[in-house]
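# Structure assessment
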Amino acid sequence: MGYLNRMGEVLVRYSFILIGLILLLMLVVILSAPAGYREVFEKEFLRKSWGVEKIEKSACLECHTSEIMRLELQEIPQEWKKSWHYKNNVSCHNCHGGDREDETMSMSHQRGFVGTPKDTEVPDFCGKCHLGILKNYLKSGHGKALKSSQKGPNCVTCHGSHNIQKADIDIINEGLCTQCHSFERAKVMKQALFATENKIKHIEKELTYLKSKGLYTGDEKKTLFRTQVEFHILFHTIDVEQVKEQTDKFTKRLNLIEYRIKDTFEELDFRQNFSTFLMLIFAGLGGVVFLISRSCRE
Amino acid sequence: MWKKIKKGIEIRIGLEELISNSLKKYRVPKDTNIFYTLGIITVVAYMIQAVTGYFLLLYYVPHSEHAFNSIQDIMNNAPFGWLIRMMHIVVSNLMVVIILLHIISLFVMGSYKKPRELTWLAGGCLLLVTLAFCLSGYLLPWSQRSYWATTIVTNMPTAFPVIGDFIAKGLRGGDYVSGITLTRFFAFHVAFLPPLFLLIVGLHIFLVTRIGLTTPPFNKSAEEEKPWTEYRHVSHPNSYPFYPNFLLKEVVMIMVFFAITFFVISFMPTLFIPEAANTPADPLKTPAYIKPEWYFLAPYQMLKLIPNKFFGISLQLILIGIFLLWPFFDKKEERNILKRPLLLVVFLLSILLWVILTVWGRYS
Amino acid sequence: MKRRSFLSLLLAVLGTTALGSFVYPLVRFLAPPEEKAKIKKVIVKKNDIPASEAKEILFGNTPAIIINRYGKGYIALSKVCTHLGCLVDYNKEKKKLICPCHAGVFSLEGHVESGPPPKPLSILPLKVEGEDIIIG
């Protein structure tokens, strides 16, 4: 019995040497961690509620990124990965159809595979999702030119096919527009759009700033997005008169958002002032009590 | 008028004697340093949390559809709701900082040794309860960070072979984090944990006052070196009364604590609110780099690095066990850590490890 | 002594200010929330909406639509698409609500049938009283 007690005592007494050793061991293990440890960890611990992992299996990408493909076809996934579509989880089958998981059916017409659309088919191809824009495009000079003479700008002419970015007013530039006509007409349209686009960009910046201050801007963002999209859809009529006519309406809507944002800025200022005031009062109190405590020392 | 009330209370409960015994006669050694006030600051921080928490309860809705919006309501529509919520967030983080400083200073001054082992144990349990508060608390806003950090944490018990799944399911109320989890964690946070905390704090404070405060070990104190074979309340020859001297010291530190809180609220309001914490939870979208709150970064990083799930979690449990039972491991009577180089090295190594893991976790 | 009483006075003043700047916000916080500017009810005549037709209204700040579903009665839905906030359009032939931004398709009950929207459209409270349809 006494022997066990002594053993226990010795163990306990030297236990912190043991602990030191454990810590050193941990250091060694940690420093020799295999690369990619984060992915392995997340796989184990980040069990997602909907079961199947997203995006992982893409029959399209498996072939189109492999060496057996022609170089032009290999470049397509690389272009797509830079695009706004990729960032929003829109991938090959969303536009081209086909079966994403089964290689044998990945280009099957039975699964809706469409392949590369011809020039005249491009608007309907993109218009599968972008309905509002398609409607206005078909009414526009551009759309009518394409339908009647098979020669005219389609979506890909201005936006590209796979490396599609968020639409910007600078898509209207000399290089693109002078392919068919003088830049004068395009310039007039660009000017008509300019003020509204600027305002939208300005509001976006303000919303990002508010977000960085900790405010949740989801609702305002939705309203701004809706306004911006409607404005862009309007543009596709390529009708300067219509744009000019409706600019007032859009400006009013954007102004409403701006008023609300201004109110928020004022509120933020008030909050900072109020908490600074509280901070100063407590600092003052601390100082006064400190002085009192000093005089109490006696 | 005031004198009459005082006299009235005096004849009924002997107020004079009460104050004299518990506050004036209670002596505090003269060479106490600033770290001695950390205990009461923690209690004050808890009180702030309780009060702001009660007020937040008025508007918060613990349902997955409404939680995030109710908090936006508090921030934007309720008058001064922002102040109450910001205080709750900032003080919760500062409370953990204060507790960590408290533990470090106690360790360095060897205040856990006989006869104060139980005090240390109770304190260790308080740390765990506080962390449980923090964990259950930050699911409640139902933001992206809340949802995914809780997914990770509730998956951790599954490392254990038999009871792991049962515990995990019990915590989550199902196979994955959902509205049921929210309701459970809300119940923990608001109803189960507060009485537990108060119980242990009561025990902790009772033990501290019953035994008496330690003197810092860096100066000789013959009194403390007598072996503990029977109960006595430590007496300090070189001391002043708790009231008013030490109490005033504590009040100064409490004011400083408040000032720091409001400094953070005014000038660094997003210090504890990363972007993922300001986006409503989306069970279909996992954010790229989920991180828990800063105090969990070190254990989180350690878990990530150790390849075997079971080994990783067991190691953490062992470390927690060693931490809680430390006074029973370290029985040497020497309290001055500077005279115990081995312990000093082990101690500094652990702190260094913790800091490295935390920073690594933050930037990985 | 003079210093002591000055300090006590300062303490009293600062203390009261601090207390006041806590009590004031807490009291205001406790005040009952203002009647959310009562969103004015919108009243539409039954005759305005023949069968299979729809009417767009503005309910408070939300653009909404009242549809006379053939054989299933009236329903009032918010027009705000739950994907990114565009306004959906009513398509009479297909009997669906379609979002022009990314082709989200909703049934006339507001349920998501295809496309990116994550949640169904919000349904607004609707009552039929005699010849009137009352929203709100």
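### Topic: the overall build of chain B
On a plain count of helices and strands, chain B comes out with 15 helices and 2 strands. Scaling as 2.2 N^0.38, a compact globule of 364 residues should have a C-alpha radius of gyration of about 21 Å, and chain B matches this with 23 Å. Here the C-alpha coordinates of chain B stretch approximately 65 × 60 × 40 Å along the principal axes. For chain B, the proportion of its 364 residues judged to be buried stands at 51%. For chain B, contacts bridging at least 24 residues in sequence account for 76% of all contacts bridging at least 6. For chain B, the separation between the mean place of its 32 positive charges and that of its 20 negative charges on side chains is 3 Å.

### Structural notes on the overall build of chain C
From N to C terminus, chain C includes 1 helix and 10 strands. Relative to a compact globule of 136 residues, whose C-alpha radius of gyration would be 14 Å, chain C shows 27 Å and is clearly more extended. The 136 residues of chain C split such that 38% are buried. For chain C, contacts bridging at least 24 residues in sequence account for 39% of all contacts bridging at least 6. For chain C, the exposed surface amounts to about 8100 Å²; the carbon and sulfur share of it is 60%. For chain C, the separation between the mean place of its 20 positive charges and that of its 12 negative charges on side chains is 14 Å.

### Topic: the pattern of salt bridges
Per the stated rule, a full pass over the model turns up 21 salt bridges over all chains. Of the charged contacts, one joins R271 of chain A and E267 of chain A as a salt bridge, the two residues approaching to 2.9 Å between their closest N and O atoms. Highlighted residues: R271 of chain A and E267 of chain A, both in helix α15 (residues 240–296), separated by 4 residues, approximately one helical turn. Assessed through its relative accessible area of 32%, E267 of chain A is described here as partly exposed. A single salt-bridge network, built from bridges that share partners, covers R69, K72 and E109 of chain C.

### Points about the packing of aromatic side chains
In the structure shown here, the tally under the stated rule is 37 aromatic pairs over all chains. Arranged with centres 4.8 Å apart and planes meeting at 75 degrees, the rings of W80 of chain A and Y86 of chain A form a pair that is edge-to-face. Assessed through its relative accessible area of 11%, W80 of chain A is described here as buried. Accessibility expressed as a relative area gives 34% for Y86 of chain A, which makes it partly exposed. Centroid distance F80 of chain B to W82 of chain B: 6.3 Å. Interplanar angle 35 degrees. Geometry classified as tilted.

### Here's the deal with the side chain of E220 of chain A
Relative to the assigned elements, E220 of chain A resides in helix α14 (residues 218–235). Each residue touching E220 of chain A, except ones within four places of it in the same chain, is listed here: L207, I257 and R260 of chain A.

### Side note on the sheet that holds strand β3 (residues 62–69) of chain C
Residue and element names in this part refer to chain C. Read across the sheet, 3 strands follow the order β2-β3-β4 without closing on themselves; strand pairing throughout is antiparallel. Lying at the two open borders of the sheet, with one neighbouring strand each, are β2 (54–59) and β4 (73–78). Taking the axes of each pair of neighbouring strands and ignoring which way they run, one obtains an average angle of 25 degrees across the sheet. In this sheet, β3 lies alongside β2 in antiparallel orientation, the contact comprising 6 bridges. Paired with L58 across the bridge in β3 is P63.

### Quick notes on the interface of chain C and chain B
Often, the extent of an interface is quoted as the loss of accessible area on bringing the components together. Contacts between the two partners involve 9 residues from chain C, matched on the other side by 13 residues from chain B. Its largest share of buried area at the contact with chain B, chain C owes to F22, L26 and F29 of chain C, together 56% of the area lost on that side. Summed over the shared surface of chain C and chain B, the result is 0 salt bridges. Our enumeration of links across chain C and chain B arrives at 1 residue pair in polar contact (both at pLDDT 80 or more). In the side of chain C that touches chain B, the residues fall into 8 nonpolar, no polar and 1 charged.

### Observations concerning the pairing of strand β10 (residues 132–135) of chain C
All names here are of chain C. Two elements, strand β1 (residues 42–45) and β10, share 4 bridges in a ladder whose sense is antiparallel. Bridge pairing links V42 to I135 in β10. Strand direction decides the pairing type here: strand β9 (residues 126–129) and β10, joined by 4 bridges, are antiparallel. Counterpart to L126 in the pairing with β10 is I135. Taking the residues that link successive antiparallel strands as the turn, the β9-β10 hairpin has 2 residues, and the phi of G130 there is positive, at about 65 degrees.

### Notes on the confidence of the model for chain C
Of the residues in chain C, 96% have a pLDDT of 70 or more, and the chain-wide mean is 85. Predicted complex metrics record ipTM = 0.86 and pTM = 0.83.

### Observations concerning the nonpolar core
Counting 92 residues, the largest nonpolar core has F282 of chain A together with F262 of chain B as the members making the most contacts within it. The element contributing the most residues to this core is helix α5 (residues 81–108) of chain B, with 13 residues. Counting residues in hydrophobic clusters, the runner-up holds 15 residues, among them V229 and I233 of chain A together with I75 and C99 of chain C.

### With respect to the interface of chain A and chain B
Counting residues at the interface gives 51 residues for chain A, matched by 67 residues for chain B. For the pair chain A and chain B, the summed buried area comes to about 5600 Å², and 73% of that belongs to carbon and sulfur atoms. On inspection of chain A and its partner chain B, the count reaches 1 salt bridge. Counting across the interface, chain A meets chain B through 6 residue pairs in polar contact (both at pLDDT 80 or more). At the level of elements, α2 (15–31), α3 (37–45), α13 (183–212) and α15 of chain A are the ones that each hand at least two residues to the side of chain A that touches chain B. Among the elements that line the side of chain A that touches chain B, the one with the most residues is α15 of chain A, at 18 residues. Looking at the side of chain A that touches chain B, its residues break down into 30 nonpolar, 10 polar and 11 charged.

### Regarding the packing of helix α6 (residues 117–137) of chain B against helix α13 (residues 309–324) of chain B
All names here are of chain B. At a minimum axis distance of 9 Å, the contact between α6 and α13 shows a crossing angle of 140 degrees. By the angle class used here, α6 and α13 are oblique. Facing α6, whose interface residues are W120, L121, G124, C125, L127 and L128, α13 presents I320, F323 and L324. Looking at the contact of α6 with α13, its residues break down into 8 nonpolar, 1 polar and no charged.

### Description of the sheet that holds β1 of chain C
Residues and elements named next belong to chain C. Strand order in the open sheet formed by 3 strands is β1-β10-β9, with antiparallel pairing between adjacent strands. One side of each edge strand has no neighbouring strand; the edge strands of this open sheet are β1 and β9. When strand polarity is set aside, the average angle formed by the axes of neighbouring strands in this sheet is 25 degrees.

### A closer look at helix α5 (residues 71–81) of chain A
All names here are of chain A. Along α5, the residues classified as buried are Q74, P77 and W80. All buried residues of α5 project into a common sector of 125 degrees when viewed along the axis, lining one side. Those residues of α5 that are exposed and aimed more than 90 degrees away from the buried face are L71 and Q78. In this structure, the buried side of α5 is in contact with α4 (59–64) and α6 (84–87).

The rules behind these values
Residues numbered from 1 in each chain as written. Chains lettered and ligands numbered in written order. Predicted model: local features only at pLDDT ≥ 70, side-chain atom pairs only at ≥ 80, totals over all residues. Heavy atoms only, no water. Helix = DSSP H or I, 4+ residues; strand = E, 2+ residues; numbered from the N terminus. Rg over C-alpha atoms; globule rule 2.2 N^0.38 Å. Buried < 20%, exposed > 50% of the residue type's maximum accessible area, 1.4 Å probe, protein only. Contact = heavy atoms within 4.5 Å. Lys, Arg positive; Asp, Glu negative; His and termini not counted. Charge placed at Lys NZ, Arg CZ, Asp CG, Glu CD. Areas by Shrake-Rupley, 256 points an atom, 1.4 Å probe, with all protein chains shown as cover. Salt bridge = Lys/Arg side-chain N within 4 Å of Asp/Glu carboxyl O. Phe/Tyr/Trp six-rings, centres within 6.5 Å; stacked < 30°, edge-to-face > 60°. Pairing = 2+ DSSP bridges. Axes fitted to C-alpha atoms, helices over the stretch in contact; angles between N-to-C directions. Buried area = accessible area lost by both parts, 1.4 Å probe. Polar contact = N/O pair within 3.5 Å; in protein donor to acceptor, adjacent residues only side chain to side chain. Nonpolar A, V, L, I, M, F, W, Y, C, P; charged D, E, K, R; others polar. pLDDT = per-residue confidence, 0-100. Core = buried A, V, L, I, M, F, W, Y, C linked by side-chain atoms within 4.5 Å. Parallel < 35°, antiparallel > 145°, perpendicular 65-115°, else oblique. Arc of directions from axis to C-beta.

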